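# Fold and geometry: a report
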Amino acid sequence: MSDFPLGTVNYVSSSDGTPIAYWATGSGPSVVLVHGTTSDHTTFNELLPHLAESRTVVTFDRRGRGQSGDGDGSPYQVEREFDDVAAVIARVATQQSGPTDVIGHSFGAFVAIGAARRATAGLRALVAYSPGFGAEYPPGALEKVESASDSDNPDEALQVMFREIIGMTEEETQAMRRSPVWAARMAIAGTVARECRADEAFLRTYETTMAEVTAPVLVLSGATNTGPKRKLATQLAAQLPNSASYEIPDQGHVAHHFAPAELTRVCLRFLADPYGWRAVTPDSQQDM
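For the structure given in this document, a descriptive report is provided here. (Residues numbered from 1 in each chain as written. Predicted model: local features only at pLDDT ≥ 70, side-chain atom pairs only at ≥ 80, totals over all residues. Heavy atoms only, no water.)

So, about empty space enclosed by the protein. By the definition in use, this model includes two cavities of 30 Å³ or more. Looking at the largest cavity, it is lined by 16 residues, and the ones nearest its centre are T37, T38, H105, R185 and H253. The element contributing the most residues to the lining of the largest cavity is helix α5 (residues 154-166), with three residues. Here the lining of the largest cavity is built from residues that sort into six nonpolar, nine polar and one charged. Forming the boundary of the second largest cavity are T38, S39, D40, T42, T43, V181, A184, R185 and I188. Taken together, the residues of the lining of the second largest cavity break down into three nonpolar, four polar and two charged. (1 Å grid on protein atoms, 1.4 Å probe; cavity = no way out; pocket = protein on both sides within 12 Å on 5 of 7 lines; lining within 4 Å. Points joined across faces, edges and corners; volume = space filled by probe spheres on them. Helix = DSSP H or I, 4+ residues; strand = E, 2+ residues; numbered from the N terminus. Nonpolar A, V, L, I, M, F, W, Y, C, P; charged D, E, K, R; others polar.)

A few words on the packing of aromatic side chains. For the coordinates displayed, the defined rule picks out two aromatic pairs. Pairing F162 with W182 gives two aromatic rings, centres 5.9 Å apart and planes at 35°, and the pair type is tilted. Taken together, the residues F162 in helix α5 and W182 in helix α7 (residues 182-187) connect sequence positions 20 residues apart. Take W182: its relative accessible area is 5%, and that puts it in the buried class. (Phe/Tyr/Trp six-rings, centres within 6.5 Å; stacked < 30°, edge-to-face > 60°. Buried < 20%, exposed > 50% of the residue type's maximum accessible area, 1.4 Å probe, protein only.)

So, about helix α4 (residues 141-150). The complete set of buried residues in α4 reads A141, L142, V145 and A148. One side of α4 holds all its buried residues, which, seen down the axis, span an arc of 130°. Its buried side turned inward, α4 meets α5 and α8 (192-205). D152 sits one or two residues past α4 and shows a positive phi near 55°. (Arc of directions from axis to C-beta. Contact = heavy atoms within 4.5 Å.)

Here it is in structure tokens:
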């Protein structure tokens, strides 16, 4: 991938002309990483060294954060995010003269699935890890996020999202607050409310579009995720035509931070033979 100088920023234009910034590191077959809400490409810094041992890893800033643009000021539409990912996939596939793999996390997993409907030729296989924020929205939670954002209180908006929507424990939430990237998360907290609304809408409508995703998909969840979140992963896998599912033991929503080596192992095992994978239940984890 000689046209991707390693470690330097590159740009691709989305369908509406928005510049999307991306980076490449490592060597070998490519994999594109799609981050979730409240983060940018640096959220995968702990995962990169593991994947880059055998892969060319492409990370990018989703629109509205980091070095990427945010459109022309029109109201937010998640479909533009699908186009952004499809543009990155197309660029990578062109440079390596063949399709690429994709790993999406949280809301980024939903965005990657949406992009899979647009990037059929450039996408080889997809891992959707802990898709969506939460599988359900407690009454008033979205309104709390929007109120905190309107009051210029990004710290509170993020805490509500992690605790009440994602379902992380107080201990996990405070660990996130103590992390070096919390300040960066607060800097882009203005994108949280709009993505929560898009996430909630996706949960209501995804069953009608999953048949359009023809690439093989591994739907990953963490065994310590909330019950509704684990149920969503199971339901999503059931709707996708070429899918498998797996739960990572002792992990929840952010294994890329807490268990990057294990997450890498599971992803690469699937990507090595995506059509040969079989669904693995929590009771047969020893098969891994």
